[in-house]
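One-letter residues, chain by chain:
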Amino acid sequence: MRQHRAADSWRLATALVFAALFLWPGVVFGAEVAEEFRVKREGPFEFAEKPTVTRDGDRVTIRFKTRAFCDVTVAIEDAQGRIIRHLASGVLGENAPPPFQPDSLEQELVWDSKDDQGRYYDDIGNVVIRVSLGLKARFERQFLWSPRRRVSSQGGTFNTHIAPAPFIAQPQGVYVFDGSMFDHLRLFDHQANYVRTVYPFPPDATNDVRGLDTHTFPQTGRELPLKGGNYQSTLLTSGTNRRGSYLNQLFGLAATAMAVRDGRIALVGTHLNRLAADGTTGGLPLEGPETSIRGARIFGATDQPLLPRSAAFSPDGKTLYITGWNRDGWRPNWRLIWVQGVGRIDFENGEKIEPFVGALSDDRGHAGTGPGQFRSPTSVDVDPQGRVYVADRFNDRIQIFAPDGTHLKDIPVPGGDSSLPSEVVVNQRNGDIYVFSWYLGCHAFRQHGFHDRHEKLFHFGPFDNPELKGEFALPIPDQSRRGRYGGDRLQGREFRATINPWADDDAGPHIWIVQDRNHPIRVYRKNHDENKLDLVTAFDRPGHWAGYAKAPLSVRPTTGELYVQRGNHPTVIEPDTGRARTVEIPMEPQSSGIAFDLNGHAYIRTSRVVARFAIGHGDEWREVPFDYGEEIEGRVAAIPIPTASIHPQPAFSVSKQGDVVVGFIYGRIETGDRSQAAQERWDAPTDWAPRLFRGRGGNTVVRVWDRHGQVAREDVAAGVGFLHGAFVDGQGGLYLASEASREGYFDDMSTAMAKINLDSRILSTEAVLPLEQMPDRPVDTHRGFGHRGRSWWLGARWFYGGVGFGGKNNATCHCPNFQVAHDYFARTFVPETRHYSVALLDSAGNLVMRIGQYGSVDDGVPLIEDGPDVPNRRELGGDEVGLLHPLYMATHTDRRLFIADPGNQRIVGVKLDYHTTETVDLVDVVERR
């Protein structure tokens, strides 16, 4: 008995030590973090005493009283409703931000008759005082969304396994999958019109997705789906955006093959994922067995999994057949390796893939020409009787097998060595067989003449009488002569083709074809007279959301137009009409995008310079030189940035007073690689250097220039690390979206928002000059690119955790980033990317409200419905804002908020308004004498 008690005591002691070592930060800071996430405002949003205004010369006094500690916004507007002074906004109560009085429902504010830029406003007789209570948000409309736009990356040759856009016709329509870091599975009708989204999962279906990762979030205490992968971009577990190297995940996707049968959907990549047409998993676990095959090293290439390109269900939906595993080597001859076999999985209960025919190995010794042997099996399909059809590419035939693997017959594809079948599809209505042929090889096969043919479609009869009924030229270019990065690397593996027998017309089934990730899906019908295919309709090319979907936003305050960055050709959107146009700008911005001042001037930041421009009629841009600027990078007088980095920071803004704020990496305080070569790479020629002190661990410098281009504040927030945003409010406050994670928050890939004093310092446990003594208080943040270890922020006023996505915190690449928005009321809109929402904080750090909730493009009813039709909208309730991956945002005063949600491939326009508003015309106010 004593031995048992001793053992129990030992286990208890071990558990307590474990808790102390690993759970201590969460226990200590749990209550504090929870307080950060608590909405501070209270209702009702009503006046106890409506606003009254008195005037004594230039001094205008505004008085009012509310019924609760709600949020209040006070603006001075002209006769047209344009705000000339953003006087105050915040949550009343104990922590009310100035100029509000704390702990008081009764408020008195003074306006000094000046505008936001500190100039006296001349037409004071036509001024309107607006006092608003209770900010509210409502989904207004969406921008840049098209259900037919490709999701695939325009670049991204890093992921050599990508075979995007599988599409499969079924009686209810055509299912189309596409992805590049973000995944989408959509259903179209037989005329290629959008019907609905299957994945991302509908909100009301997530509880029926068995095996879906979830988490109870401290923001609201709600259990929500938990996105995973290096970039936290997907709820699926089947593909290269969830597993694999960081570049494979960056341009990865959940499936390289797909099969659909009677409402069951198989997404096949590194693993099997089971979905159902209703957006659930049909009662089955989401994740099934591994479907990749580990291949041998080729010419020294790393051992990466081979992924399949084709899958098909048995008629009863219980067996899944898979083939088309392939990989190329990373050497000049690009020799292509194929697995010479077909696998199968018990879809409901299978624990691993097993051979059906051939061998599941990339050993070329398994290749052969006999029955059941293959030379590059590229495609598989199943007819209504359960017979399995395999495109045996370099044997110029289609092999057909019984469900038990017995070889039944071959169908030779005419043309000898020039036929090369790439895709086989069986018409599920009459059994006819369609074989597509295109270049799908490598240099070694070219040298033997395999490229001397044309891309074709062969139409055969059914199994019992498979006579050739016709040949049609495929409307895709010959890939055999494309350049190394134009086609040889992918070698036709991205091509897809199928038939849609349910769209049958006089010409027969429609033909769906996609050429590669840069091209749209096209739908054709057969032209028997000319033996060719005629175009019926085409989808869209990849757009703003190609690749990893960087889309920094900015609003020009004088026009309210939204600028969406795309190199030096941003898209400009008129929010009132939804019209969009592309403009050309003089310079390509860094990842921070374009900034605007109150006068409508545009500021562009490159790695070494900030230049200012006036925008004239016809979108003509003319430089507006800074008084203290320099001639640099072809500009007359621009602001020089002291150093440059290969890691551009989105820390760039212009305040309402015209101050320019820039964060940049400075190499001499880099805390990572400190070799001489690294320092030479990071450093730019300069006589200036930031101050170095013990505990300075961050490698970012924040500098403020005034509107004349003269340095106003040097090296503020000394010791800070990588930043996703930096703003000043003119009252001695600096707002920083830090890469570092908030101590105590569960997700180390999230970051922290902070407000600090301009003379603050950040100390770190890891620094070039180590601390001699640690501060005697808990740490504030930890990790973060360019800011290792754990950190104390001396001079911080408040923090807010769980923000955005910190790409360098755990991953290897920092290509994706995020953007916060800071308005002229000193309010900050921050993306809670993994929580599917946007948090609004006032200048004192009070959480005013949250905007948005988990949802796809089908979720949420907008105030304005235009653009592509969404025929099956679902009400979300509340603000109706459905979000999957809110990442970038911009605001137009307190009128509109724009949220770039690459997870849903769109920008969400949110109308901002108030529950209660009262106005007073200053012309009606008698001036005191």
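Owing to the predicted nature of the structure, the values given are computational and were not obtained by experimental measurement. Chains are numbered independently. Their residues run from 1 in the order of the written sequence. Selection of residues for local features in this predicted model requires a pLDDT of at least 70, selection of side-chain atom pairs for listing and counting requires 80 or more, and totals for whole chains, interfaces and linings are taken over all residues. Neither water nor hydrogens contribute to the side-chain values; these are computed over all heavy atoms in the structure.

Asks: Quick question: what am I supposed to make of empty space enclosed by the protein here?
Replies: Where empty space is left becomes clear once a probe the size of a water molecule has been rolled over the atoms. Cavities and pockets were defined on a 1 Å grid built from protein atoms only: a cavity is a group of points that admits a 1.4 Å probe but offers it no way out, a pocket is an open group of points flanked by protein on both sides within 12 Å along at least five of seven lines, and a lining residue is one with an atom within 4 Å of any such point. Grid points are joined across faces, edges and corners, and a volume is the space filled by probe spheres set on the points. Inspection of every chain in the model, using the stated rule, returns 6 cavities of 30 Å³ or more. Looking at the largest cavity, its volume works out to about 410 Å³. Forming the boundary of the largest cavity are 30 residues, of which Phe167, Ile168, Ala311, Asp381 and Thr498 lie nearest the centre. Only DSSP runs of H or I covering at least 4 residues are called helices, and only runs of E covering at least 2 are called strands; the numbering of each starts at the N terminus. Of all elements in the fold, only strand S7 (167-170), strand S13 (257-261), strand S19 (310-313), strand S25 (377-382), strand S29 (421-426) and strand S33 (496-505) reach the threshold of two or more residues within the lining of the largest cavity. The greatest single-element share of the lining of the largest cavity, amounting to 6 residues, is contributed by S33. Following the grouping adopted for this structure description, the nonpolar residues are Ala, Val, Leu, Ile, Met, Phe, Trp, Tyr, Cys and Pro, the charged ones are Asp, Glu, Lys and Arg, and the polar ones are all others, Gly among them. Its residues assigned to classes, the lining of the largest cavity shows 19 nonpolar, 6 polar and 5 charged. In this structure, the second largest cavity is lined by Pro147, Arg148, Arg149, Arg150, Val151, Val176, Asp178, His184, Arg186, Phe188, Ile521 and Phe539. Secondary-structure elements contributing two or more residues to the lining of the second largest cavity are strand S8 (173-180) and strand S9 (182-188). Per-element accounting of the lining of the second largest cavity gives the leading share, 3 residues, to S9. Across the lining of the second largest cavity, the residue classes tally to 6 nonpolar, 1 polar and 5 charged.

Asks: How should I be thinking about the sheet that holds strand S38 (residues 561-564) in this particular structure?
Replies: Within a sheet, neighbouring strands are paired by backbone hydrogen bonds and run either parallel or antiparallel to one another. Pairing between strands is defined by DSSP: at least two bridges between them are needed. Taken in spatial order, the 4 strands make up an open sheet running S37-S38-S39-S40, and their pairing is antiparallel. Unpaired on one side and paired on the other, strand S37 (553-556) and strand S40 (580-582) mark the two borders of the sheet. For this sheet, the mean angle separating the axes of adjacent strands, direction not counted, is 25 degrees. Bridge count for strand S39 (residues 571-573) against S40 is 3 bridges, and the pairing is antiparallel. Residue pairing across strands places Thr571 opposite Thr582, the latter belonging to S40. Each axis is a line fitted through C-alpha atoms, and for a helix only the stretch in contact is used; angles between axes span 0 to 180 degrees, taken between their N-to-C directions.

Asks: Is there a simple way to think about the pairing of strand S48 (residues 660-665) in this case?
Replies: Remember that side chains alternate between the two faces of the sheet whenever the strand is regular. Think of it in three bands: with a 1.4 Å probe and only protein chains considered, a residue is buried below 20% of the maximum accessible area for its type, exposed above 50%, and partly exposed in between. Here S48 lies mainly inside the structure; 6 of its 6 residues are buried. Neither face of S48 is open: one carries Val660, Val662 and Phe664, the other Val661, Gly663 and Ile665, and all of them are buried. Relative to S48, strand S47 (residues 652-654) runs antiparallel, the two being bridged by 3 bridges. The residue bridging Phe652 from the neighbouring strand is Val662, located in S48. Where S48 meets strand S49 (residues 700-705), 6 bridges bridge the pair, whose relative direction is antiparallel. Looking at the pairing, Ile665 lines up with Thr700 of S49.

Asks: What's the story with the pattern of salt bridges in this structure? I'm lost.
Replies: Any two side chains of opposite charge can pair if their charged atoms end up close together. Any Lys or Arg side-chain nitrogen located within 4 Å of an Asp or Glu carboxyl oxygen qualifies as a salt bridge. Per the stated rule, a full pass over the model turns up 45 salt bridges. The salt bridge partner of Arg242 is Asp213, with a shortest N-O separation of 2.7 Å. With Arg242 in the loop between strand S12 (223-225) and helix H2 (246-250) and Asp213 in the loop between strand S10 (194-199) and strand S11 (214-216), this residue pair connects regions lying 29 residues apart in the sequence. Residue class for Arg242 comes out buried when judged on its relative accessible area of 17%. Asp213 gets classed as partly exposed once you look at its relative accessible area, which sits at 34%. The partner of Arg703 in a salt bridge is Glu714, and the shortest N-O contact between them spans 2.7 Å. Of this pair, Arg703 sits in strand S49 while Glu714 sits in strand S50 (residues 711-716); the two residues are 11 residues apart in sequence, bridging distant segments of the chain. Taking the relative accessible area as the measure of exposure, Arg703 reaches 8% and is therefore buried. Via salt bridges that share partners, Glu561, Glu574, Arg579, Arg581 and Asp619 belong to a single interconnected network.

Asks: What's the story with the side chain of Asp729 in this structure? I'm lost.
Replies: Relative to the helices and strands, Asp729 is located in the loop between strand S51 (723-728) and strand S52 (733-738). Overall, the relative accessible area of 12% leaves Asp729 in the buried class. Polar contact criterion, stated in full: a pair of N or O atoms within 3.5 Å, where within protein one must be able to donate a hydrogen and the other to accept it, and residues adjacent in sequence count only if both atoms are side-chain atoms. At 3.0 Å, the side chain of Asp729 forms a polar contact with the backbone nitrogen of Gly733. Side-chain polar atoms of Asp729 contact the side chain of Tyr735, separated by 2.9 Å. Contact criterion: two residues are considered in contact whenever any of their non-hydrogen atoms come within 4.5 Å of each other. Leave out the neighbours within four places in its chain, and Asp729 touches Gln657, Tyr735, Lys755 and Ala826.

Asks: When you look at the nonpolar core in this model, what are you seeing that I'm missing?
Replies: For soluble globular proteins, the rule of thumb is that nonpolar side chains tend to be buried together. Counting residues in hydrophobic clusters, the biggest one holds 59 residues, and the most contacted among them are Phe201 and Tyr800. Each residue touching Tyr800, except ones within four places of it in the same chain, is listed here: Glu36, Phe37, Thr751, Ala752, Met753, Val830, Glu832, Ala839, Leu841, Leu847 and Arg850. Here, the term nonpolar core denotes a set of buried Ala, Val, Leu, Ile, Met, Phe, Trp, Tyr and Cys residues that are joined through side-chain atoms within 4.5 Å. Within the second largest apolar cluster, 27 residues are counted, among which are Val60, Val72, Ile84 and Leu92.

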